[in-house]
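Chain by chain, the residues run as shown.
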Amino acid sequence: VQLQASGGGLVQTGGSLRLSCAASGRTFSNYAMGWFRQAPGKEREFVAAISRSGGTKYYGDSVKGRFTISRDNAKATVILQMNSLKPEDTAVYYCAADNWLGYPRSGDYEYDYWGQGTEVTVSS
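Cut-off values and rules
Residues numbered from 1 in each chain as written. Predicted model: local features only at pLDDT ≥ 70, side-chain atom pairs only at ≥ 80, totals over all residues. Heavy atoms only, no water. Disulfide = S-S within 2.5 Å. Helix = DSSP H or I, 4+ residues; strand = E, 2+ residues; numbered from the N terminus. Buried < 20%, exposed > 50% of the residue type's maximum accessible area, 1.4 Å probe, protein only. Phe/Tyr/Trp six-rings, centres within 6.5 Å; stacked < 30°, edge-to-face > 60°. Lys NZ or Arg CZ within 6 Å of the ring centre and 35° of its normal. Salt bridge = Lys/Arg side-chain N within 4 Å of Asp/Glu carboxyl O.

### A word on the state of the cysteines
Scanning the entire structure with this criterion turns up one disulfide. Note on cysteine connectivity: Cys21 is disulfide-linked to Cys95, with sulfurs 2.1 Å apart. Sign of the S-S torsion, about 60° for the bond between Cys21 and Cys95, identifies this disulfide as right-handed. Taken together, the residues Cys21 in strand β3 (residues 17-24) and Cys95 in strand β9 (residues 91-98) connect sequence positions 74 residues apart. Cys95 carries the same exposure label as Cys21, and that label is buried.

In structure tokens form, the structure reads like this:
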């Protein structure tokens, strides 16, 4: 499956951004989807994941209560709504697809396909 992330940009502290990830090539609903991020000089970090149906969502501790993941299987799209952004949210954000039936997973090594990344910068 091919993934195309978009929606990154520059925003002030406290602002919001909406990232989108469009999938093509295979049946989107066969994949759990996740968002990860990587800041300069740091390891890739789990942000959020959503099950195939969208009924189960899982968030990293650093974004709980501020970010929301959702998906539209008819449009083969997964969304990451980011509110109350902080400078420490600055990173390149990647969407990923996991051919997995169970609870959404947080390990990046478990994901099968990756998008190219979209950059988010939060100014203080």
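What follows picks up the thread again.
### A closer look at the packing of aromatic side chains
Tallied over the entire structure, the rule returns seven aromatic pairs. Taking 5.1 Å as the distance between ring centres and 50° as the angle between the ring planes, the aromatic pair formed by Phe36 and Trp114 counts as tilted. Highlighted residues: Phe36 in strand β4 (residues 32-38) and Trp114 in strand β10 (residues 113-114), separated in sequence by 78 residues. Accessibility expressed as a relative area gives 1% for Phe36, which makes it buried. One aromatic cluster is present, formed by Phe36, Phe46, Tyr58, Tyr103, Tyr111 and Trp114 through successive ring pairs. One residue, Arg44, lies across the ring of Trp114, its end atom 4.0 Å from the ring centre. Here the guanidinium or amino end of Arg105 rests over the ring plane of Trp100, the centre of that ring lying 3.9 Å away.

### Structural notes on the pattern of salt bridges
Per the counting criterion, the structure on display carries seven salt bridges. The salt bridge partner of Glu45 is Arg37, with a shortest N-O separation of 2.8 Å. The exposure class assigned to Glu45 is partly exposed, which follows from its relative accessible area of 31%. Residue Arg37 is classed as buried on the basis of its relative accessible area of 4%. The partner of Asp61 in a salt bridge is Lys64, with the nearest N and O atoms 3.2 Å apart. Judged by its relative accessible area of 66%, Asp61 is exposed.

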